[in-house]
Amino acid sequence: MFDEIMQKFEDSPGQQDVIRLLLERGFSVNADGRVVSGGIEIPNTGIAREADVDRRVVNATTDAILEDDDLRRIFRNISSVPSLLDLAPVLDLHAVTVTVRAADEAGIVSTVTSAIADRDISIRQVLSEDPEFTDEPKLYVITDEELPGDLINEIRRLAFVRTIELA
């Protein structure tokens, strides 16, 4: 899906940058063509600055979104989810990031979270990037306590795991 969306903007790298930003942040586009997060409007100048494009590129991108039935359905309904990932150190939580070999393989989330839960470690949040919307999706697991070394090694040895990072 991500590739199909980006292909619609293949002639404009700047518009692709805007699309990527909207998807990464979970920003939607309202009926008036304004970028919003929930009911809060985000100025196009702010989007342009973050995407490193001119404000007119943002306008052209939102216009294109509203003119395309598929894009309009996606960007009128997308929303962001609050993440504990960046807050983990502040809240004395622990984050594990798992990068996998084939993100569309079944059972990745359940296998990793089961291994953690089997050790009676409380999981506060699980975030999984969609392989349709990002090039290298990751699984993030935020826990109340640090994972023991043998559990980290157990997860690292899973056939689908490419890398594991602790934060």
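Every residue gets a number counted from 1 within its own chain, in the order that chain's sequence is written. The model is predicted, so local features are restricted to residues of pLDDT at least 70 and side-chain atom pairs to those at 80 or more, both for listing and for counting; the totals for chains, interfaces and linings are taken over all residues. Hydrogens and waters are ignored; side-chain quantities use all the structure's heavy atoms.

Working definition: helices are DSSP H or I runs of at least four residues, strands are E runs of at least two. Numbering for both runs from the N terminus. The helix and strand inventory of the protein stands at seven helices and seven strands. Considering only C-alpha atoms, the protein reaches an extent of 55 × 30 × 25 Å along its principal axes. In this scheme, a residue with accessible area under 20% of its type's maximum is buried, one over 50% is exposed, and one in between is partly exposed, where area comes from a 1.4 Å probe on protein chains only. In the protein, buried positions account for 40% of the 167 residues. Summed over all atoms, the accessible surface of the protein reaches about 9600 Å², with 45% contributed by carbon and sulfur. Think of it this way: Lys and Arg go in the positive column, Asp and Glu in the negative one, and His and the chain ends go nowhere. Think of each charge as sitting on NZ of Lys, CZ of Arg, CG of Asp or CD of Glu. Within the protein, the 33 negative side-chain charges are centred at a point lying 3 Å from the centre of the 17 positive side-chain charges. Calculation of accessible area relied on Shrake-Rupley with a 1.4 Å probe; when residues are assessed, cover is drawn exclusively from the protein chains displayed.

Counting 23 residues, the largest nonpolar core has Ile19, Leu22, Ile47, Ile65 and Phe75 as the members making the most contacts within it. Within the residue set of this core, elements represented by two or more residues are helix H1 (2–7), helix H2 (13–25), helix H3 (44–51), helix H4 (55–67) and helix H5 (69–77). Ranked by residues supplied to this core, first place goes to H2 with five residues. What makes a nonpolar core is a set of buried Ala, Val, Leu, Ile, Met, Phe, Trp, Tyr and Cys residues whose side-chain atoms join them at distances within 4.5 Å. Counting 17 residues, the second largest nonpolar core, distinct from the first, contains Ile121, Leu139, Phe160 and Ile164.

Below, the discussion takes up the sheet that holds strand E2 (residues 35–37). When DSSP finds two or more bridges between two strands, those strands count as paired. One open sheet holds the three strands; their spatial order is E1-E2-E3, and the pairing between them is antiparallel. A single partner strand is all that each edge strand has here, and the edge strands are strand E1 (28–29) and strand E3 (40–41). Pairing analysis gives two bridges linking E1 to E2, with the strands arranged antiparallel. Within E2, the position partnered with valine 29 by the bridge is valine 35.

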